[in-house]
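# Remarks on the overall topology
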Amino acid sequence: MTRRAFSAALLAARVSQGQSRRPVRLGGPIFVKSDDPAELAREHRRLGYSAAYCPAVELKDADRLRAIQKAFARENVVIAEVGAWVNMLDADAAKRRDNLDYVTNRLAIAEAVGARCCVDIAGSYNPDYWYGAHPKNLSQEFLDATVENCRHLIDAVKPSRTLFTIEMMPWSIPNGPDSYLELIRAVDRKAFAVHMDVCNAVNSPERFYKNGALIDELFAKLGRWIASCHAKDLAWIPEYNVHFQEVVPGRGVMDYQSYLRNVAALPVDAPLMLEHLKNAQEYDEGRAYIQKNAAAAGVTFA
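Reading the values: rules and limits
Residues numbered from 1 in each chain as written. Predicted model: local features only at pLDDT ≥ 70, side-chain atom pairs only at ≥ 80, totals over all residues. Heavy atoms only, no water. Helix = DSSP H or I, 4+ residues; strand = E, 2+ residues; numbered from the N terminus. Rg over C-alpha atoms; globule rule 2.2 N^0.38 Å. Buried < 20%, exposed > 50% of the residue type's maximum accessible area, 1.4 Å probe, protein only. Contact = heavy atoms within 4.5 Å. Areas by Shrake-Rupley, 256 points an atom, 1.4 Å probe, with all protein chains shown as cover. Lys, Arg positive; Asp, Glu negative; His and termini not counted. Charge placed at Lys NZ, Arg CZ, Asp CG, Glu CD. pLDDT = per-residue confidence, 0-100. Core = buried A, V, L, I, M, F, W, Y, C linked by side-chain atoms within 4.5 Å. Polar contact = N/O pair within 3.5 Å; in protein donor to acceptor, adjacent residues only side chain to side chain. Axes fitted to C-alpha atoms, helices over the stretch in contact; angles between N-to-C directions. Parallel < 35°, antiparallel > 145°, perpendicular 65-115°, else oblique. Left-handed = near helix turned anticlockwise from the far one by under 90°. Nonpolar A, V, L, I, M, F, W, Y, C, P; charged D, E, K, R; others polar. Salt bridge = Lys/Arg side-chain N within 4 Å of Asp/Glu carboxyl O.

The next point concerns the overall build of the chain. In terms of helices and strands, the chain carries ten helices and ten strands. Scaling as 2.2 N^0.38, a compact globule of 302 residues should have a C-alpha radius of gyration of about 19 Å, and the chain matches this with 19 Å. The C-alpha extent of the chain, read off along each of the three principal axes, is 55 × 45 × 40 Å. Taken across its 302 residues, the chain has 54% of its residues classed as buried. Within the chain, counting contacts between residues at least 6 apart in sequence, those at least 24 apart form 74% of the total. A total accessible area of about 13800 Å² is found for the chain, and carbon and sulfur atoms account for 51% of it. In the chain, which carries 37 positive and 37 negative side-chain charges, the distance between the mean positions of the two groups comes to 6 Å.

Structural data, given as structure tokens:
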């Protein structure tokens, strides 16, 4: 059986077992200049969003944490994620410790506002770029250190309303469905989950051209653990080596109908969050493309 046939069979079995499609919670950045949680929540709804990135807030500001939670719940907008974008494997021991403290704080904020997850990448041994490639990023040492970090964070916060997630990267663990399954088993914590970015699993021409099958395989194997998802697109830039570039949804080749159908079939309404675009106009373009493909795929939005 080919990988495409295998993943399609897994997806069909998952859907046939009672996981019918649910409305998808689409979200993304907004550009209104306000610190008022109620106004921020209403702007998400005006744009057709029912999911949001967590507004700026400090863990010590209990009143604002409560205000954010109440205002967004009132508009039926979930807080999809609290980002914690630092290198948990920094070569400098002091920086690594400070970064872990920061991620612990961000996970505590996610717990306080009832976000679906707190998300970071595993990190990198690259000394120059916190997210950069390095040969040790695919090593057992990298896996073991990431397991230790994830357990440390979860055991420190003991979240009951949120989850801690690692986002896949093309050049570090986890970089696909099987390596993520290995990480889940190794971490062995109920509060550990998956942040799905299908573009970040594309690290070869085969995965680029067969990304629909890749998406089906990712969701078939990892769907039960997915807490939130990112929405972007990939194009192949012509040159003599492999160079994929993030672009506005619709300007690349990612199979959005497959992506949307899989998100809608998840056991929970994991948000789908637009990211990494340059301005409001590009987010409008990406949102319109996703909405068009949702209609074609028979998927609705919350």
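So, about the confidence of the model for the chain. Considering every residue of the chain, the mean pLDDT works out to 94; 93% of them sit at 70 or more. Per-residue pLDDT stays below 50 along residues 5–9; that stretch engages in six contacts with residues further than four places along the chain or on separate chains. Contacts of residues 11–19 to residues separated by more than four positions or lying in other chains number twelve contacts, the stretch itself having pLDDT below 50.

On to the nonpolar core. Counting residues in each nonpolar core, the largest one holds 86 residues, and the members touching the most others are F164, F192, M196, F219 and Y259. The dominant element in this core, judged by the number of residues it contributes, is helix 5 (residues 140–157), at eight residues.

This paragraph deals with the side chain of H230. By the secondary structure assignment, H230 is in strand 7 (residues 226–231). Of note is the side chain of H230, whose polar atom sits 3.3 Å from the side chain of E167. Setting aside chain neighbours within four positions, we find H230 in contact with Y53, E81, W85, E167, H195, M196, D197, Y259, L272, M273 and E275.

Our next topic: the packing of helix 6 (residues 177–187) against helix 8 (residues 211–222). Between helix 6 and helix 8, the shortest axis-to-axis distance is 9 Å and the interhelical angle comes to 20°. As far as their axial angle goes, helix 8 and helix 6 are roughly parallel. Pair helix 6 / helix 8 crosses with right-handed handedness. Of helix 8, the residues touching helix 6 (which contributes P177, D178, Y180, L181 and I184) are E217, L218, K221 and L222. For the contact of helix 6 with helix 8, the residue count by class is six nonpolar, no polar and three charged.

Turning our attention to unusual backbone geometry. Between I173 and P174 the backbone carries a cis peptide bond, its omega angle lying at -5°. Even without glycine at this site, D188 takes up a positive phi of about 55°. Among the structural elements, D188 can be located in the loop between helix 6 and strand 6 (192–196). One non-glycine residue with positive phi stands out, namely H276, at about 65°. Inspection of the secondary structure assignment puts H276 in the loop between strand 10 (272–274) and helix 10 (280–297).

Take the side chain of N137 next. Tracing the backbone shows N137 in the loop between strand 4 (117–120) and helix 5. On the accessibility criterion, N137 (0% relative accessible area) is buried. Reaching out from N137, the side chain makes a polar contact with the backbone nitrogen of Y125 at a distance of 3.0 Å. A polar contact of 3.1 Å, which involves the side chain of N137, links it to the backbone oxygen of G132. Setting aside residues no more than four positions away along its own chain, N137 makes contact with G123, S124, Y125, G132, F142, W171, S172 and I173.

So, about the pattern of salt bridges. Using the criterion set out here, one finds 14 salt bridges in the structure. Residue K221 is joined to D178 by a salt bridge in which the shortest nitrogen-to-oxygen separation is 2.9 Å. Of the two residues, K221 sits in helix 8 while D178 sits in helix 6, which places them 43 residues apart along the sequence. For K221, a relative accessible area of 19% translates into the label buried. The closest approach of N and O atoms between E246 and K232, which form a salt bridge, is 2.9 Å. Within this pair, whereas E246 is found in strand 9 (residues 244–247), its partner K232 is found in the loop between strand 7 and strand 8 (233–236), the two being separated by 14 residues in sequence. Residue E246 is classed as partly exposed on the basis of its relative accessible area of 36%. Note on K232: relative accessible area 3%, which makes it buried.

What follows is about the environment of K60. Among the secondary structure elements, K60 is positioned in the loop between strand 2 (51–53) and helix 3 (62–74). Of the residues examined, K60 reaches a relative accessible area of 78% and is grouped as exposed. Sequence separation between K60 and I109 is 49 residues; the distance between their C-alpha atoms is 9.2 Å.

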